[in-house]
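Per-entry structural report
The residues making up each chain are set out below.
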Amino acid sequence: MTLKPTQPAQDFGAIEAQAKATMESWMAMQRPMFTMITEINGRLIDQAFRVNTAWLGFMSRCIEHEIEATRRLMGCRNVNDFVTTYRDVVDTAQREVRVEVEQLSLLNRDVAGETVAAFREGFEEAAQELRH
């Protein structure tokens, strides 16, 4: 005797097939956005690493200059020598910090531009994938 599938078993198969089709359609629609967000996150992490590396380099150089300035000031023999050395240390520090801040500002501007470009490219690619 052959057993025929019952009505609920047949309905379950149809429901399962419909659920799979719905999930595949949903995944197909989400894939472009997921790809875009993944790409943007990768770029943002890379840019954050670049900015942090530049900032740590800047702070490291500041500390080195402070140590060198302390050594120079400790080597002064009289007040005039101290004042001259101190003025030189401050002038040098101001020039170097100005240059460093300009470089950090340029880096931040570049990173901001790259971030906007990443979003723009990602949205354009996602829109093209959704059109097709």
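Described in the following lines is the structure provided in the data block.

Calculation criteria
- Residues numbered from 1 in each chain as written.
- Predicted model: local features only at pLDDT ≥ 70, side-chain atom pairs only at ≥ 80, totals over all residues.
- Heavy atoms only, no water.
- Salt bridge = Lys/Arg side-chain N within 4 Å of Asp/Glu carboxyl O.
- Helix = DSSP H or I, 4+ residues; strand = E, 2+ residues; numbered from the N terminus.
- Buried < 20%, exposed > 50% of the residue type's maximum accessible area, 1.4 Å probe, protein only.

1. Side note on the pattern of salt bridges
Counted under the stated rule, the structure contains 7 salt bridges. Close ionic contact of Glu16 with Lys20 constitutes a salt bridge, the shortest N to O distance being 3.7 Å. Residue Glu16 and its partner Lys20 are both found in helix 1 (residues 7–74); the two are separated by 4 residues, about one turn of the helix. Assessed through its relative accessible area of 37%, Glu16 is described here as partly exposed. Here Asp110 makes a salt bridge to Arg109, at a shortest N to O gap of 4.0 Å. For Arg109, a relative accessible area of 57% translates into the label exposed. A single network of salt bridges, built from pairs that share partners, joins Glu39, Arg43 and Glu121.

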